[in-house]
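# Tertiary structure, described
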Amino acid sequence: MKSATVSTIETLVRERKIRAASVQIRKFLRQPAVRGDFKSLIQACDWYRRLGLFREAFLLVSDSLEGEALPLGKDFSTRQPRGRKILWAARLLNLLGASSQALMLARKLVAHDAEAHQVLGNIFLANFDYEAAHVHFKQMLRLDQDPDSYRSSLNRLSLADALAGLRKFDEAIAHAQAIAQGKRTAEDMLLKGIALEAWGEYLARCSRWNEALPLLLAARSCFPPDDRTPDRAILDKWEGYVSCKLGDTKRGTAKLKESIATLRILALRPEAWLDVFRLLDEIGGLTPSEQARLTHYPGLSPGFTKQFQATPAHFGERVCPLHLDLDADEFNDNGKWFLGMNHELRLLAALRIVEDWGLSLERAKAVIWPDEVYAYPLLEARLHKLIGRLRTRYQAEIEVRDRLIFLSTESRARVSVAVGFAEKRPSFLRLHSEFAAKDLSTHYELSRSQRAVRLLEWQERGWISPSGRGAQLRYRQVSPG
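The numbering scheme is per chain: residues are counted from 1 as the chain's sequence reads. Residues qualify for local features only when their pLDDT is at least 70, as the model is predicted, and side-chain atom pairs are given and counted only at 80 or more; totals for whole chains, interfaces and linings, by contrast, use all residues. The side-chain quantities take in all heavy atoms of the structure and omit both hydrogens and water.

### A look at unusual backbone geometry
Operational definition: Numbering of helices and strands starts at the N terminus; helices are DSSP runs of H or I of at least 4 residues and strands are runs of E of at least 2. Relative accessibility decides the category of a residue: with a 1.4 Å probe and only protein chains considered, values under 20% of the type maximum give buried, values over 50% give exposed, and everything between is partly exposed.
Unusually for a residue other than glycine, Asn-334 sits at a positive phi of about 55°. Within the secondary structure, Asn-334 sits in the loop between β5 (330-333) and β6 (336-339). Overall, Asn-334 belongs to the exposed group, its relative accessible area being 62%. For Arg-403, which is not glycine, the phi dihedral falls at a positive 60°.

### Regarding the sheet that holds strand β13 (residues 474-477)
Short version of the rule: A pair of strands is treated as paired once DSSP finds two or more bridges between them. Throughout, a residue-residue contact means that at least one pair of heavy atoms, one from each residue, lies within 4.5 Å. In this analysis an axis means a line fitted to C-alpha atoms, helices contributing only their contacting stretch, and an angle means the value between N-to-C directions, from 0 to 180 degrees.
One open sheet accounts for three strands, arranged β11-β13-β12; its pairing is antiparallel. Either end of the sheet is taken by a strand with one partner, and the two such strands are β11 (434-435) and β12 (464-467). Where β12 and β13 come together, four bridges link them in antiparallel fashion. Residue pairing in the sheet places Pro-466 in a bridge with Tyr-475 of β13. Contacts between helix α24 (residues 448-460) and the sheet are confined to β11, β12 and β13, with β12 contributing the most and set at about 115° to the helix.

### Description of the pattern of salt bridges
Which entries qualify depends on this criterion: By definition here, a salt bridge exists when the distance from a side-chain nitrogen of Lys or Arg to a carboxyl oxygen of Asp or Glu is within 4 Å.
Applying the stated criterion across every chain yields a total of 37 salt bridges. Two residues, Arg-55 and Glu-362, come together in a salt bridge whose shortest N-O distance is 3.9 Å. Residue Arg-55 is found in helix α4 (residues 54-64), and its partner Glu-362 is found in helix α19 (residues 361-368); the two are separated by 307 residues along the sequence. For Arg-55, a relative accessible area of 27% gives the class partly exposed. Notably, a salt bridge pairs Lys-255 with Glu-258, separated by 3.9 Å at the nearest N-O pair. Taken together, the residues span about one helical turn, with Lys-255 and Glu-258 both in helix α14 (residues 249-265) at a distance of three residues. Of the residues examined, Lys-255 reaches a relative accessible area of 14% and is grouped as buried.

### Here we look at the confidence of the model for the protein
Formally: For every residue, the predictor assigns a confidence score, pLDDT, that lies between 0 and 100.
Taken residue by residue, the protein gives an average pLDDT of 89. The fraction at 70 or more is 95%. For the protein, per-element mean pLDDT is lowest for helix α1 (residues 2-14), which scores 77, and highest for helix α18 (residues 343-354), which scores 97.

### Concerning the packing of aromatic side chains
How we decide: Here the aromatic set is Phe, Tyr and Trp, taking the six-membered ring for Trp, and pairing holds for ring centres within 6.5 Å; pairs whose planes are under 30 degrees apart are stacked, those over 60 apart are edge-to-face, and all others are tilted. Put simply, a charge is over a ring when the Lys NZ or the Arg CZ is close to the ring centre, within 6 Å, and near the line of the ring normal, within 35 degrees.
One pass over the structure, following the stated rule, counts 16 aromatic pairs. Seen in terms of ring centroids, Phe-28 and Trp-47 are 5.1 Å apart; in terms of plane orientation they differ by 75°. Their pairing is edge-to-face. Of the two residues, Phe-28 is situated in helix α2 (residues 18-30) and Trp-47 in helix α3 (residues 38-50); the sequence distance between them amounts to 19 residues. Across the pair, Trp-47 and Phe-28 agree in class, each one buried. Cluster of aromatic residues (ring-pair linked, three or more members): Phe-428, Phe-435, Tyr-444, Trp-458, Trp-463 and Tyr-475. Over the ring of Trp-369 we find Arg-382; its NZ or CZ atom is 5.8 Å from the centre of that ring. Between Arg-401 and the ring centre of Phe-406, over which it is positioned, the NZ or CZ distance is 4.3 Å.

### Points about helix α10 (residues 169-180)
We count it as follows: Working rule for helices: expected span equals 1.5 Å times residues minus one. This arc corresponds to the set of directions leading from the helix axis out to the C-beta atoms.
The first and last C-alpha atoms of α10 sit 16 Å apart over 12 residues, in line with the 16 Å expected at 1.5 Å per residue. Of the residues making up α10, those classed as buried are Phe-169, Ala-172, Ile-173, Ala-176, Ile-179 and Ala-180. On an axial view of α10, the arc spanned by its buried residues comes to 130°, and they lie on one face.

### What to know about the nonpolar core
Here is the rule: Here, nonpolar core means buried Ala, Val, Leu, Ile, Met, Phe, Trp, Tyr and Cys residues that are tied together by side-chain atoms lying within 4.5 Å of each other.
Core analysis: the biggest nonpolar cluster contains 136 residues, and Tyr-202, Leu-274, Phe-277, Leu-324, Leu-347, Leu-348 and Leu-383 have the highest contact counts within it. Residue contacts for Leu-324: discarding those within four places in its chain leaves Glu-330, Phe-331, Met-341, Leu-345, Leu-348, Ala-349, Val-415, Ser-416, Val-417 and Ala-418. One finds Leu-440, Leu-455, Trp-458 and Trp-463 within the second-largest nonpolar core, a separate group that totals 14 residues.

### Things to note about the sheet that holds strand β4 (residues 322-325)
Overall, mixed pairing links the five strands, which are arranged β3-β10-β4-β5-β6 in an open sheet. The open sheet is flanked by β3 (313-315) and β6, the only strands paired with a single partner. Mean inter-strand twist for the sheet, computed between neighbouring axes without regard to direction, equals 15°. Bridge count between β4 and β5: four bridges; the pairing is antiparallel.

### What to know about the pairing of β6
Covered by surrounding structure in β6 are Trp-337 and Leu-339 only, the residues Lys-336 and Phe-338 on the alternate face being uncovered. In this structure, β5 lies alongside β6, joined through four bridges in antiparallel fashion. Bridge assignment links Phe-331 to a residue of β6, and that residue is Phe-338. The hairpin turn running from β5 into β6, its antiparallel successor, is two residues long, and Asn-334 in that turn takes a positive phi close to 55°.

Shown next, in the form of structure tokens:
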């Protein structure tokens with residue numbers, strides 16, 4: 001029974017019959033011989049992954065971890081079932097766009113085989129940590145037991161991507177060239193197309209536009225005409241970019257926008273399509289508003305933000321009824337200042353920044369609860385409660401569509417956000433060079449205990465120093481630097 005079911009599911013997955021495959025996977029998991037079986041669990045996760053059902057796969061593996069906390073200071077071996085489950089949890093969180101949680105788990109894992117190194121390498125690669133990715137991919141190839149396989153060739157292209165990220169373009173090109181020019185069967189044409197695209201991409205990234213374009217055009221003939229996979233979207237991205245650099249701005253811009261549309265339809269992690277916006281910005285194709293959104297999009301991987309210089313930004317007019325200052329951790333609600341932004345206001349700020357690009361439910365969870373990786377299955381309900389409170393407390397018009405959250409144009413007009421400014425001190429300190437404790441309570445309506453906590457925090461940060469005692473106690477602002 002089990003082997004017959006596996007064969008049926010494999011056929012459905014290969015044919016991309018998502019609904020039928022999902023039904024059969026659930027039946028497979030209910031079989032007595034399958035329940036509690038580690039290999040069957042991983043098999044089901046892989047089917048879900050191949051179908052693009054990353055959330056379903058993550059919920060399956062997270063349920064099997066039974067909500068256990070991640071012990072501090074302890075690493076997990078991928079030789080053990082628990083370590084293997086954590087590896088899969090990291091892989092799926094990364095695919096969902098929860099970068100901070102995925103990296104947190106990836107850094108706790110010790111890989112012992114080619115597959116584990118490949119998964120970890122791709123997590124670090126997707127988060128623009130090329131050094132770590134390169135280490136894992138080198139180990140992956142060293143442990144590869146079938147170096148002539150199709151999968152091994154794809155893995156070598158991942159290594160080439162890491163090398164290109166380290167600006168070792170000659171080495172990256174050599175790997176892609178060897179795969180593209182190798183003997184291929186008719187079934188391997190897609191692999192050849194991917195390798196040609198990578199080769200052209202690496203040339204484009206070192207400004208060799210005229211050499212890159214013929215390779216990218218040759219790669220296009222290797223893809224089916226109606227292909228809408230990430231690989232085809234990446235080809236559109238680099239062909240569009242190179243076309244713009246060679247002066248064909250109209251065609252190039254159209255290709256870049258087509259790439260963005262495909263990557264967004266595929267619901268890939270935001271950095272995938274934001275990186276295309278980055279290229280559009282490089283050729284002057286973004287408005288100032290879009291530039292600000294790109295550089296301040298919530299939860300960006302640190303490696304991604306290194307590719308451009310973020311500048312301070314105001315989203316909306318400061319005279320809006322609700323002004324949120326993310327750097328100073330304060331907000332102004334109809335003329336009254338409050339210190340400390342709660343979760344729903346941080347969500348509102350994120351939605352105001354992304355505007356009509358939207359924010360995925362998964363990225364929102366990662367932004368608001370970056371450290372709660374093992375509570376991840378519970379965060380969906382918490383997030384919808386935050387949305388509900390925004391709708392009632394601030395009359396925010398919020399729509400959730402295709403697992404993306406949008407703030408309406410009308411609601412955006414009532415909210416402004418400041419972010420990216422060097423000055424982290426709150427407004428009170430910008431207005432008062434010297435003050436008494438009661439002045440702080442008056443400005444923010446703080447209780448004595450809340451005020452004491454803030455004063456101690458500001459002293460520890462070197463912002464203020466006390467002077468005098470008792471009724472004569474005052475605080476003076478310390479000049480930066």
